[in-house]
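Each chain, written out:
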Amino acid sequence: MFPTHRPRRLRQNPGLRAMVRETRLSRDMLVQPLFVVPGSGVKREISSLPRQYHLSLDKLVEEARAIHGLGIPAVLLFGIPESKDAQGSGAWAADGIVQKATRALKQALPGLQVITDLCLCEYTSHGHCGLIQPRGDGSVEVLNDPTLELLARTAVAQAEAGSDLIAPSDMMDGRVAAIRGGLDQAGHTATPILSYAAKFASAFYGPFREAAGSTPQAGDRAGYQMDMANGREALREMQLDLDEGADMLMVKPALPYLDVLRMARERFDVPLAAYQVSGEYAQILAAARAGWLDETRAMWESLTAIHRAGADVLITYFARDAAAAL
C-alpha cells in the first residue's frame, strides 16, 4: 500500500538537501565581465545592465580589487575606445584601451586572471567584427581572411600587455589558427586561447551592444555568428577550434543553448565555459523589479543549470553577487 522508495526522505530539511546536492557552485568558476572606457573618475551605470558600469582605468582597478577580494579569480575585459575607424586599429594599438587596462590590472592585482575579449566590433566605425566590403545592394560583406591578420595582431598586443587568456569572439573561420600562430611567432607560446567556439546570432545581446557601442551600422552578424537552430554545427565549430589550437571552448549564450553545452560536455574533454549574456541577466533583473520573480533564486537556479549542463567556467554579470552570497 505504501511506496518502498521515498525520494522525499532526503528533501525534508535544508541540511539534508545541502548534503546530497549534486551540483555545487563555487567562486573559483566565476568570471565577471567589465567595461573599460577612457578618462578618469568614471563609474557610470549602464542603463540596460543595472549594477554594471562603464569604468575608467582608476575605477576599473578599484572594482577589480573588490571583485578579487570576494574570491572571484578572473575578469573578462571589454574596451570602448576614444575613437573608431574602419579597421578597428584601437584593438591592436599598444596604447589601446584594453591593453592599458590589462597593464593596470596586472600591476595592481598580479593574482587576478585577466581574460581579454578579442574582437574588432567595439573598435570599428561600422560595428562589424572584421573588415568589410560594400555590396551593390547596400549591404556589406565581412571579409574573413584579411580580418585574420588583424585578429592575430590584436592577440599579440593583448598578450604583450599581460593578458592571461585570449578570448576571440569574432567567429571568423580559421581565427584560432591565425591567433595561435601569431602568438607563437611573437614568443607567447604559453598564452592560452579560450575560443568563443559556439557563438550564436542571438537576440539576447541587446544590452551588451549598448554597453560596448558595437551595434552594426549596416546589416547584422548572422553571416558569421551561428544560426540558433544548429546544434550539430556547433560541435563542428568546436572541433575545428580545438584542431586549430584552442585550449578552452565557450558556448554563448548559455541558458538558451544548454543542449549544446551538454553535447559539448559529452564530446570534448577540455574545460568548457558558458557566457550568461547581457540579455539573460537583464531579463531576470527586469522581471524581479516588476515583482514577477525572486531575483536571488532565479540567479542561483540559472547558474546551477548552466553548471549542471557541463560548464566548468561561468561568465556572468551575476558573478559579484553570487560570490558575495557564496
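To be clear, the structure that these remarks concern was listed above.
Overview of the structure. (Residues numbered from 1 in each chain as written. Predicted model: local features only at pLDDT ≥ 70, side-chain atom pairs only at ≥ 80, totals over all residues. Heavy atoms only, no water.)

### Considering empty space enclosed by the protein
Tallying each qualifying case throughout the model produces 2 cavities of 30 Å³ or more. Of the volumes computed, that of the largest cavity is approximately 90 Å³. Along its surface, the largest cavity is lined by 13 residues, and Cys121, Lys199, Phe208, Arg221 and Lys252 are the ones closest to its centre. Here the lining of the largest cavity is composed, by residue class, of 4 nonpolar, 3 polar and 6 charged. (1 Å grid on protein atoms, 1.4 Å probe; cavity = no way out; pocket = protein on both sides within 12 Å on 5 of 7 lines; lining within 4 Å. Points joined across faces, edges and corners; volume = space filled by probe spheres on them. Nonpolar A, V, L, I, M, F, W, Y, C, P; charged D, E, K, R; others polar.)

### Some thoughts on the environment of Cys121
Inspection of the secondary structure puts Cys121 in the loop between strand E5 (113-118) and strand E6 (132-134). Placed 64 residues apart in sequence, Cys121 and Gln185 show a C-alpha to C-alpha distance of 25 Å. Leave out the neighbours within four places in its chain, and Cys121 touches Gly127, His128, Cys129, Ser214 and Arg221. (Helix = DSSP H or I, 4+ residues; strand = E, 2+ residues; numbered from the N terminus. Contact = heavy atoms within 4.5 Å.)

### Thoughts on the layout of surface pockets
Quantified by volume, the largest pocket comes out at close to 310 Å³. Contributing to the lining of the largest pocket are 20 residues, with Val142, Met172, Gly223, Tyr224 and Gln225 lying nearest its centre. Broken down by element, the lining of the largest pocket gets its largest block of residues, 3 residues, from strand E7 (residues 140-142). Partitioned by chemical class, the residues of the lining of the largest pocket number 7 nonpolar, 6 polar and 7 charged.

### Concerning a positive patch on the surface
Where like charges cluster on the molecular surface, the positive patch consists of Arg6, Arg8, Arg9 and Arg11. With respect to the helices and strands, the residue Arg6 is situated in the segment before helix H1 (14-19). (Patch = residues over 30% accessible without salt bridge, like charges linked within 9 Å, V, L, I, M, F, W, Y side chains within 5 Å. Areas by Shrake-Rupley, 256 points an atom, 1.4 Å probe, with all protein chains shown as cover. Salt bridge = Lys/Arg side-chain N within 4 Å of Asp/Glu carboxyl O. Lys, Arg positive; Asp, Glu negative; His and termini not counted. Charge placed at Lys NZ, Arg CZ, Asp CG, Glu CD.)

### Here we look at the nonpolar core
Phe35, Met238 and Tyr275 are the most contacted members of the largest nonpolar core, which totals 104 residues. Not counting residues within four places of it along the chain, the set of residues in contact with Met238 comprises Ala197, Ala198, Leu249, Met250, Val251, Ala264 and Phe268. (Core = buried A, V, L, I, M, F, W, Y, C linked by side-chain atoms within 4.5 Å. Buried < 20%, exposed > 50% of the residue type's maximum accessible area, 1.4 Å probe, protein only.)

### Quick word on the pattern of salt bridges
Tallied over the full model, the rule gives 11 salt bridges. For Asp241, the salt bridge goes to Arg175, with nearest N and O atoms at 3.5 Å. Taken together, the residues Asp241 in helix H7 (residues 231-244) and Arg175 in helix H5 (residues 175-185) connect sequence positions 66 residues apart. In this structure, Asp241 and Arg175 share a single accessibility class: buried. The partner of Asp312 in a salt bridge is Arg265, and the shortest N-O contact between them spans 2.8 Å. Of this pair, Asp312 sits in the loop between helix H10 (295-309) and strand E12 (313-316) while Arg265 sits in helix H8 (residues 258-267), and the two are 47 residues apart along the sequence. With relative accessibility at 34%, the residue Asp312 sits in the partly exposed group. Each of Lys43, Glu63 and Arg320 takes part in a single network of salt bridges with overlapping partners.

### So, the side chain of His54
Topologically, His54 is positioned in strand E3 (residues 49-55). Note on His54: relative accessible area 12%, which makes it buried. Setting aside residues no more than four positions away along its own chain, His54 makes contact with Phe35, Val37, Val42, Lys43, Arg44, Ile46, Ile80 and Ala211.

### Observations concerning H8
Taken together, the buried positions of H8 are occupied by Val260, Leu261 and Ala264. Down the axis of H8, the buried set is contained in an arc of 100°. They therefore lie on one face. The elements touched by buried residues of H8 are H7, strand E10 (248-252), strand E11 (272-276) and H10. (Arc of directions from axis to C-beta.)

### Things to note about the packing of H8 against H10
Where H8 contacts H10, the axes come no closer than 8 Å and their chain directions differ by 35°. Contacts from Leu258, Leu261, Arg262 and Arg265 in H8 reach Ala305, Ile306, Arg308 and Ala309 in H10. Of the residues that constitute the contact of H8 with H10, the class distribution is 5 nonpolar, no polar and 3 charged. (Axes fitted to C-alpha atoms, helices over the stretch in contact; angles between N-to-C directions.)

### Points about the side chain of Ser195
Position of Ser195 among the secondary structure elements: in strand E9 (residues 194-199). Given the relative accessible area of 0%, Ser195 is considered buried. Among the polar contacts listed, one links the side chain of Ser195 to the side chain of Asp241, at a separation of 2.5 Å. (Polar contact = N/O pair within 3.5 Å; in protein donor to acceptor, adjacent residues only side chain to side chain.)

### Some words on the packing of aromatic side chains
The tally for this structure, following the rule as stated, stands at 8 aromatic pairs. An aromatic cluster is present here, built from Phe35, Phe78, Phe208, Tyr275, Tyr281, Tyr317 and Phe318 joined pairwise through their rings. For Lys43, the ring lying beneath its charged end belongs to Tyr53, and the centroid distance is 4.8 Å. Over the face of the ring belonging to Phe208 we find Lys252, whose NZ or CZ atom lies 5.5 Å from the ring centre. (Phe/Tyr/Trp six-rings, centres within 6.5 Å; stacked < 30°, edge-to-face > 60°. Lys NZ or Arg CZ within 6 Å of the ring centre and 35° of its normal.)

### Considerations on the pairing of E5
The element E5 is extensively covered by neighbouring structure, given that 5 of its 6 residues are classed as buried. Sheet topology note: the strand E4 (residues 74-79)/E5 ladder contains 4 bridges and is parallel. Among the inter-strand pairings, Leu76 is bridged to a residue of E5, identified as Ile115. Crossover E4 to E5 through helix H3 (residues 97-108) is right-handed. As paired strands, E5 and strand E8 (residues 165-168) are joined by 4 bridges and run parallel to one another. Across the sheet, residue Leu118 finds its bridge partner in E8, namely Pro168. (Pairing = 2+ DSSP bridges. Right-handed = clockwise from strand over helix to strand, strands pointing away.)

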